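# Architecture and fold: a report
If you want the building blocks of each chain, they are given just below.
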Amino acid sequence: EERPREILSDVEGREDTRLGVEAMDLLDAYGIETPQGDIVDAPEDALTVAEDVEGDVVMKIVSPDILHKSDIGGVKVGVPNEEVFDAYEDLVTRARNYQPDANIIGVQVQEMVDLDSGVETIVGMNKDPQFGPLLMFGLGGIFVEVLEDTTFRVAPVAESEAREMTEEIDSAPLLRGARGRDPVDVDGVTETIQRLSQLVTDFPAILELDINPLVATPDGVKAVDVRLTVD
Ligand code: ADP
Ligand code: MG
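Structural notes, computed from the coordinates. (Residues numbered from 1 in each chain as written. Chains lettered and ligands numbered in written order. Predicted model: local features only at pLDDT ≥ 70, side-chain atom pairs only at ≥ 80, totals over all residues. Heavy atoms only, no water.)

### Considerations on the sheet that holds strand S5 (residues 106-111)
- Strand order in the open sheet formed by 4 strands is S2-S5-S3-S4, and the pairing between neighbours is antiparallel. Across the chains shown, the open sheet's two edge strands, defined by having one partner strand only, are strand S2 (37-40) and strand S4 (75-79). Across the sheet, the axes of successive neighbouring strands diverge by a mean angle of 20 degrees, strand direction being ignored.
- Bridging between S2 and S5 involves 4 bridges; their strand directions are antiparallel. Each bridged residue has a counterpart across the sheet, and for Ile39 the counterpart in S5 is Gln108.
- Running over the sheet, helix H3 (residues 43-52) touches S2, strand S3 (57-62) and S5 and is turned about 180 degrees from S2.
- In the packing of helix H4 (residues 84-98) onto the sheet, the strands contacted are S2, S3, S4 and S5, and the crossing angle to S3 comes to about 30 degrees. (Pairing = 2+ DSSP bridges. Helix = DSSP H or I, 4+ residues; strand = E, 2+ residues; numbered from the N terminus. Axes fitted to C-alpha atoms, helices over the stretch in contact; angles between N-to-C directions. Contact = heavy atoms within 4.5 Å.)

### Side note on the coordination of the magnesium ion (ligand 2)
- Protein coordination of the magnesium ion (ligand 2) is provided by Asn212 (O) and Asp225 (OD), with donor distances spanning 2.2 Å. Of this pair, Asn212 sits in strand S9 (residues 206-217) while Asp225 sits in the loop between strand S10 (220-223) and strand S11 (226-230), and the two are 13 residues apart along the sequence.
- The class for Asn212 is buried, based on a relative accessible area of 17%.
- Asp225 sits in the buried class, given a relative accessible area of 9%. (Donors = N, O, S within 2.8 Å, 3.2 Å for Na, K, Ca; no water. Buried < 20%, exposed > 50% of the residue type's maximum accessible area, 1.4 Å probe, protein only.)

### Some remarks on the pairing of strand S7 (residues 132-139)
- The buried count for S7 comes to 8 of 8 residues, which makes it a mostly enclosed element.
- Bridge analysis of strand S6 (residues 119-128) against S7 gives 8 bridges, and the strand direction is antiparallel. Counted as the bridge partner of Val123 is Phe137 from S7.

### Focus: the site of ligand 1
- The local shell around ligand 1 holds 18 residues, among which Lys60, Lys69, Ser70, Gln110 and Glu111 are the closest.
- At 2.9 Å from a nitrogen atom of ligand 1 is found a side-chain nitrogen or oxygen belonging to Gln110.
- A distance of 2.9 Å separates a nitrogen atom of ligand 1 from a polar backbone atom of Glu111.
- Among the elements of the structure, S3, S5 and S9 are those that each provide at least two residues to the shell around ligand 1.
- Looking at which domains feed residues into the shell around ligand 1, each of domain 1 (2-111) and domain 2 (119-230) gives three or more. (Near = heavy atom within 4 Å. Polar contact = N/O pair within 3.5 Å; in protein donor to acceptor, adjacent residues only side chain to side chain. Domains from an automatic or database assignment.)

### Looking at unusual backbone geometry
- With an omega dihedral of 0 degrees, the bond running from Ala155 to Pro156 counts as a cis peptide bond.
- Mapped onto the secondary structure, Pro156 falls in the loop between strand S8 (150-154) and helix H6 (159-168).
- In this chain, Asn212 is followed by Pro213 through a cis amide linkage whose omega measures 5 degrees.
- When you line up the elements, Pro213 lands in strand S9.
- Despite not being glycine, Arg179 shows a phi value in the positive range, around 50 degrees.

### Quick look at the pairing of S8
- Only one face of S8 is covered, namely the face carrying Thr151 and Arg153; the face carrying Thr150, Phe152 and Val154 is uncovered.
- Note: S7 against S8, 5 bridges, orientation antiparallel. Residue Leu135 lies in a different strand from S8, and its bridge partner there is Arg153.

### Quick word on a negative patch on the surface
- Where like charges cluster on the molecular surface, the negative patch consists of Asp41, Glu44, Asp45, Asp56, Glu82, Glu83, Asp86 and Glu89.
- Of all the elements in the fold, those that place two or more residues in the negative patch are H3 and H4.
- You can see Glu44 is positioned in helix H3.
- The exposure class of Glu44 is partly exposed, given its relative accessible area of 44%. (Patch = residues over 30% accessible without salt bridge, like charges linked within 9 Å, V, L, I, M, F, W, Y side chains within 5 Å. Areas by Shrake-Rupley, 256 points an atom, 1.4 Å probe, with all protein chains shown as cover. Salt bridge = Lys/Arg side-chain N within 4 Å of Asp/Glu carboxyl O. Lys, Arg positive; Asp, Glu negative; His and termini not counted. Charge placed at Lys NZ, Arg CZ, Asp CG, Glu CD.)

### Thoughts on the pattern of salt bridges
- Taken as a whole, this structure holds 15 salt bridges when the rule is applied.
- Residue Lys222 pairs with Glu111 through a salt bridge whose shortest N-O separation is 2.9 Å. Residue Lys222 is found in strand S10, and its partner Glu111 is found in strand S5; the two are separated by 111 residues along the sequence. Like Lys222, the residue Glu111 is buried in the burial classification.
- Bridged by salt links that share partners, the residues Arg3, Glu6 and Asp25 form one connected network.

The following block contains the structure:
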């Protein structure tokens, strides 16, 4: 309860009340698993984090002014340790080129999650003027706009409702192992929907929140990206 309150009250007083991956700790606090890694503000610290992570890493610009990071080339996937230093500088340069006065907090260095065996989903919440907090679940990643395969429930949701959400999208067979693929951790997805439901119920100041993607693999789920807006 302490850490989430701190993160949210920190942003409430600001003119811009949006948060990007700085909000990752909120998810951690609610037991939603996130990739190993950290946010750093110097290239040598980025290397230290990368050396702690097994294999290549993902690096992302962290700035409340850049919430759609890929749009400006602000996400680098599969960075080997020897390229971490240059990648850091490059990400900051790209951000500066995009918006010279952008508030750049630093760079997030993250463990790679296995997208090949996984499915990118989205779990979100939007405050509806009529219904209140509307939870959303659907197919995520690059397909989310194209397919618009989503389903909604009013928060808070019971376990049965969260599970229904995973069952009723058109792409549900994808989660349950279509075309000889292993089924992903649907229990983990269901649990994540419930945990997000709890988070937005505990903190009504959150106006909208998106975990996109929540990568679901046969071994579990990981919230790879988050953004939110508070009142
Ligand atoms: P944004 O949505 O702001 O562009 P994301 O953090 O969602 O930034 O990254 C964009 C895409 O990069 C994701 O949808 C995913 O396909 C890929 N990606 C991001 N983080 C990871 C990761 N840790 N492991 C594997 N792929 C990732
Ligand atoms: Mg994203």
